[in-house]
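What follows is the residue order along each chain.
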Amino acid sequence: MDKVVNVGIIGYGVVGKGTVAALMDNYETVKRKTGIDIVVKGVADITIDKKQDEYLSKIDIVTKDAMDLITNKDIHIIVELVGGYTFAKDFVIKALENKKHVVTANKALLATYGKEIFPLAKKMGVDIGFEASVGGGIPIIRVMKEDLAVNNILEIYSIINGTANYILTKMTEEGKEFADVLKDAQKQGYAEADPTFDIEGIDSAHKLSILSSIAFSTMVDMDKVFVEGISNIKPIDIAIAKEFGCVIKLLAIAKRHGNDIEVRVHPTMIPFTNTLAQVNGVFNAVYLKSDRTGPTLHYGQGAGSVPTGAAVAGDIINIARNIASNINVRVPVLGYEKQEENINIIDIKDIHSSFYMRLMVEDTPGVLAQVGLILANNGISVSSALQRESSVECSGCVPLVFMTHEVVGSQIINAVKEIDAKPFIKEKTVIIRVEGN
Ligand code: HSE
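Rules of the game
Residues numbered from 1 in each chain as written. Predicted model: local features only at pLDDT ≥ 70, side-chain atom pairs only at ≥ 80, totals over all residues. Heavy atoms only, no water. Domains from an automatic or database assignment. 1 Å grid on protein atoms, 1.4 Å probe; cavity = no way out; pocket = protein on both sides within 12 Å on 5 of 7 lines; lining within 4 Å. Points joined across faces, edges and corners; volume = space filled by probe spheres on them. Nonpolar A, V, L, I, M, F, W, Y, C, P; charged D, E, K, R; others polar. Near = heavy atom within 4 Å. Polar contact = N/O pair within 3.5 Å; in protein donor to acceptor, adjacent residues only side chain to side chain. Areas by Shrake-Rupley, 256 points an atom, 1.4 Å probe, with all protein chains shown as cover. Helix = DSSP H or I, 4+ residues; strand = E, 2+ residues; numbered from the N terminus. Buried < 20%, exposed > 50% of the residue type's maximum accessible area, 1.4 Å probe, protein only. Pairing = 2+ DSSP bridges. Expected span 1.5 Å × (residues − 1). Contact = heavy atoms within 4.5 Å. Axes fitted to C-alpha atoms, helices over the stretch in contact; angles between N-to-C directions.

Visitor: Can you tell me about the domain arrangement of the protein chain, naming the residues and giving the values?
Guide: Think of interface size as the accessible area that goes away when the parts come together; that is how it is often given. Once the domains are mapped, the protein chain shows domain 1 (3-136 + 305-324), domain 2 (141-301) and domain 3 (349-434). Taken over C-alpha atoms, the centre of domain 1 sits 51 Å from the centre of domain 3.

Visitor: Describe in detail the layout of surface pockets, supporting the description with residues and values.
Guide: Its volume calculated, the largest pocket comes out at about 1200 Å³. Lining the largest pocket are 43 residues, and of these Lys107, Glu192, Asp198, Asp203 and Ala303 sit closest to its centre. Residues of the lining of the largest pocket, tallied by class, amount to 14 nonpolar, 22 polar and 7 charged. A domain split of the lining of the largest pocket shows at least three residues from each of domain 1 (3-136 + 305-324) and domain 2 (141-301). Here the second largest pocket is characterised by a volume of approximately 590 Å³. Forming the walls of the second largest pocket are 30 residues, and the residues nearest its centre are Phe118, Val331, Pro332, Val333 and Leu334.

Visitor: How would you summarise the site of the ligand if you had to cite specific residues and measurements?
Guide: Residues in contact with the ligand, as listed here, are Lys107, Asn161, Gly162, Thr163, Asp198, Asp203, Lys207 and Ala303. Here an oxygen atom of the ligand sits 2.6 Å away from a polar atom, N or O, in the main chain of Gly162. The side chain of Thr163 places a nitrogen or oxygen atom 2.5 Å from an oxygen atom of the ligand. For the ligand, the accessible surface in isolation is 260 Å², of which the surrounding protein chains cover 81%.

Visitor: So, unusual backbone geometry: which residues are in play, and what are the values?
Guide: With a phi close to 50 degrees, Ser217 is a non-glycine residue in the positive phi region. Looking at the element boundaries, Ser217 is found in the loop between helix H10 (202-215) and strand E8 (226-227). Phi at Val329 is positive, roughly 50 degrees, even though this residue is not glycine. Position of Val329 relative to the elements: it lies in the loop between helix H12 (305-324) and strand E13 (344-345).

Visitor: Summarise the pairing of strand E16 (residues 398-404); cite the residues concerned and give the values.
Guide: For E16, the tally of buried residues reaches 7 of 7 residues, placing the bulk of the element in the interior. Both strand E14 (residues 352-361) and E16 contribute to a ladder of 6 bridges, which runs antiparallel. Considered in E16, the bridge of Arg358 is made with Val401. Sheet topology note: the strand E15 (residues 382-387)/E16 ladder contains 5 bridges and is antiparallel. When the bridges of E16 are listed, Gln387 appears paired with Leu400.

Visitor: Can you lay out helix H7 (residues 162-174) for me, pointing to particular residues and giving the numbers?
Guide: The end-to-end C-alpha distance of H7 is 18 Å, a good match for the 18 Å that 13 residues give at a rise of 1.5 Å each. Residues of H7 that are buried in the fold lie against strand E7 (153-159), helix H8 (178-187), helix H9 (196-199), helix H11 (235-243), strand E9 (246-257) and strand E11 (283-290). Two or three places before Thr163, at the opening of H7, Asn161 has a side-chain oxygen 3.2 Å from that residue's backbone nitrogen. Residue Gly175 follows H7 closely and has a positive phi angle near 65 degrees.

Visitor: Tell me about the sheet that holds strand E1 (residues 3-10), and name the residues and values.
Guide: Read from one edge of the open sheet, 6 strands run E3-E2-E1-E4-E5-E6, paired in parallel fashion. The open sheet terminates on both sides in strands that have one partner only, identified here as strand E3 (61-63) and strand E6 (128-129). With 4 bridges connecting them, strand E4 (residues 77-80) and strand E5 (residues 101-104) associate as parallel partners. Counterpart to Ile78 in the pairing with E5 is Val102. On the sheet, H12 packs against E1, strand E2 (36-44), E4, E5 and E6 and is oriented at approximately 165 degrees with respect to E5.

Rendered as structure tokens:
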């Protein structure tokens, strides 16, 4: 007789619908590949109605109460697609306590409460799948945990927030102000009504926390990730970046140097020739450098009902195969049995990088000399400098831009503090890290 695995889905929003559609539309494909009957047994959502669509009309349990699924003894896998930290956390904990396998797309929950959730899953002997939590439809979590398992992963350079990438792409293509592009993106449904997590780098940091925990075999807490968003980027920075042969991207970067690791999210200037410079609009990409496989690039749709639903369905299939073979937790949740000891997260002040600095200065004699002296006193070597005519950015002052050779973060931070205290400075100095040369 065929094996049957029953799934209960909590949250029937964009990703919930995509998951149900993936499993029901491609039922025969999944059955042919797995030999398993993967059945959407129940769907829960506070606003659900069985008559809402053709999928729900074919599902046994359609309920407003998630506990109807969590406590149902026929359901093997609970899929949490509610989002946020409150109800979602409660559902996941209760599902694990009820010995259900869990699949979730909730990066904020895992990056913040993974320390509680992962050990509980281990204790209960059940799996947690979270492929859809990073990069939407891009297969990356299982690739890192399984296919690259022989490797030490040395570097991650990624674009893992489609909203921020869409805004920067539009600013680059159309020369518009950040606020105008954001408003357009909201109108078109590319940015949420409250875009804070996306534009301030928090969503990318949640995802980087997950990727780097897998890469470096240690739990990298969200609060250890340095985060800076894109809301201070001005068209002038994008235009000058272009003159230097660069684009500005919100990158999530993690690197390993022995036992020291860097984990940081910030706007970054990268040359046009860098592969990540070609990742535009809402697309995501993750570049990995592994010690044996070498560089790999993983590119695709970072959000959306269909690709994200397919990633969730991929986790469900993976767990269903384990259930059908009577195996649980074949692969540890973050890909390691034993945590690496003595991993040290480097403070942003100690991280080496080249910098772009934009000063808004009074156009008077001696300004350049004074700035030059501050840079020199902080051991900062300039690789290029340029001054622009007075612009709309700041009436009565001119933009003065420096590109530096590689320095330590603290050198720049100290120099900017001294520079910004000078009376000839008209606006806070903007710094952007430069990578990928
Ligand atoms: N808000 C995310 C983004 C999509 O803009 O990429 C879900 O991870």
